[in-house]
Amino acid sequence: MAAEPEVLDELHRLRARVPQLTGALAASVDGLVLAQDTPGVEPEGLAALTAAALGVAVRMADATGQGDFRELLVRGVHGYVATYAAGTSAVLTLLAQDRVNVGRLHLEGRRSGTRIGELVDTATARGEPTAPTRASTKTASSTSRTRTARGSAAARTTPTPNTPTTSES
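Residues numbered from 1 in each chain as written. Predicted model: local features only at pLDDT ≥ 70, side-chain atom pairs only at ≥ 80, totals over all residues. Heavy atoms only, no water.

Comments concerning the pairing of strand E3 (residues 71-76)
Looking along a regular strand, one sees side chains alternate from face to face of the sheet.
Piece 1. Alignment of E3 against strand E4 (residues 79-86), held across 6 bridges, turns out to be antiparallel. The partner of Leu73 across the bridge, within E4, is Ala82.
Piece 2. Hairpin geometry of E3 and E4 is characterised by an intervening segment of 2 residues between the two adjacent antiparallel strands. (Pairing = 2+ DSSP bridges. Helix = DSSP H or I, 4+ residues; strand = E, 2+ residues; numbered from the N terminus.)

Structure (structure tokens):
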């Protein structure tokens, strides 16, 4: 993806603005790594878990009438995992220490999610692949359903050009 260096730059700037971040990852909604700065964490596994959590979060928001997915926050004993919508086909996942200011985490995460979404959506509109080709293992059968970070239920079931797809069971 041509936007990959710019996305990585945004991740680095974000980590500089929020020193308590221990990792940042931009991924497609179907779990492919777009760019990552996650020392000590396996990025492909984190991207896959992000896609799984996103699926549950989108369904929960739909089922409860809360509207389109925006963000997800998980608090563990040692810190936070925050996931933010990043345009129509990407998500931003941040790892933070337990002493992070959660308001600041949300403020900066939302800003970076918006910027990354713009970069990815622009690259997609130009017809560029949304993930590095070495990670892409799509088959024709996987194009039957589309899940977007901000789309409605109808949008997730209608394939669109240049939008990552996923099969759901």
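With respect to the packing of helix H1 (residues 4-17) against helix H3 (residues 102-125)
The angle between the axes and the distance between the axes are what describe a pair of packed helices.
Piece 1. Running from N to C, H1 and H3 point in directions that differ by 170 degrees, and their axes come no closer than 10 Å. On the basis of their axis angle, the class for H1 and H3 is roughly antiparallel. In this structure, H1 contributes Glu6, Val7, Glu10, Leu11, Leu14 and Arg17 to the contact, and H3 contributes Arg104, Glu108, Gly109, Ser112, Arg115, Ile116, Leu119 and Val120.
Piece 2. Split into classes, the residues belonging to the contact of H1 with H3 amount to 6 nonpolar, 2 polar and 6 charged. (Axes fitted to C-alpha atoms, helices over the stretch in contact; angles between N-to-C directions. Parallel < 35°, antiparallel > 145°, perpendicular 65-115°, else oblique. Contact = heavy atoms within 4.5 Å. Nonpolar A, V, L, I, M, F, W, Y, C, P; charged D, E, K, R; others polar.)

Brief notes about the environment of Arg59
Piece 1. Positionally, Arg59 belongs in helix H2 (residues 43-63).
Piece 2. Counting along the chain gives 10 residues from Arg59 to Phe69, while the straight-line C-alpha distance between them is 8.9 Å.

Quick notes on the pattern of salt bridges
Piece 1. According to the stated counting rule, one finds 8 salt bridges in the structure shown.
Piece 2. Notably, a salt bridge pairs Glu10 with Arg13, separated by 2.7 Å at the nearest N-O pair. Taken as a pair, Glu10 and Arg13 lie in helix H1 at a separation of 3 residues, close to a single helical turn.
Piece 3. When its relative accessible area of 6% is taken as the criterion, Glu10 is described as buried.
Piece 4. Overall, the relative accessible area of 39% leaves Arg13 in the partly exposed class.
Piece 5. With its nearest N and O atoms 2.8 Å apart, the salt bridge here joins Arg110 to Glu71. Separated by 39 residues along the polypeptide, Arg110 in helix H3 and Glu71 in strand E3 bring together distant segments of the chain.
Piece 6. Residue classification places Arg110 among the partly exposed positions, given a relative accessible area of 43%. (Salt bridge = Lys/Arg side-chain N within 4 Å of Asp/Glu carboxyl O. Buried < 20%, exposed > 50% of the residue type's maximum accessible area, 1.4 Å probe, protein only.)

Points about the sheet that holds strand E5 (residues 90-97)
Piece 1. An order of E2-E1-E5-E4-E3 is seen for the 5 strands of this open sheet, with the pairing classed as antiparallel. Looking at strand neighbours, the two that pair on one side only are strand E2 (33-37) and E3, the edges of this open sheet. Adjacent strand axes in the sheet meet at a mean angle of 10 degrees, parallel and antiparallel pairs treated alike.
Piece 2. Relative to E5, strand E1 (residues 21-28) runs antiparallel, the two sharing 7 bridges. Considered in E5, the bridge of Ala27 is made with Val91.

Description of the confidence of the model for the protein chain
The predicted coordinates should not be examined in detail at positions where pLDDT is low.
Piece 1. Averaged over every residue, the pLDDT of the protein chain is 82; the share at 70 or more is 75%.
Piece 2. For the protein chain, per-element mean pLDDT is lowest for helix H4 (residues 153-157), which scores 40, and highest for E5, which scores 98. (pLDDT = per-residue confidence, 0-100.)

Details of the nonpolar core
Piece 1. If you look at the biggest cluster of nonpolar residues, it comprises 24 residues, and the most contacted ones within it are Val7, Leu21, Leu92, Leu94, Leu105 and Ile116.
Piece 2. Of all the secondary-structure elements, those providing two or more residues to this core are H1, E1, E2, E4, E5 and H3.
Piece 3. In terms of residues, this core owes the most to one element, H3, which gives 5 residues.
Piece 4. What Leu92 contacts, discounting residues up to four positions off in sequence, is Leu11, Leu14, Leu25, Ala82, Thr83, Tyr84, Ala86, Gly109, Ser112, Gly113 and Ile116.
Piece 5. The next biggest cluster of nonpolar side chains, apart from the first, holds 13 residues, and it includes Leu54, Ala57, Phe69 and Val91. (Core = buried A, V, L, I, M, F, W, Y, C linked by side-chain atoms within 4.5 Å.)

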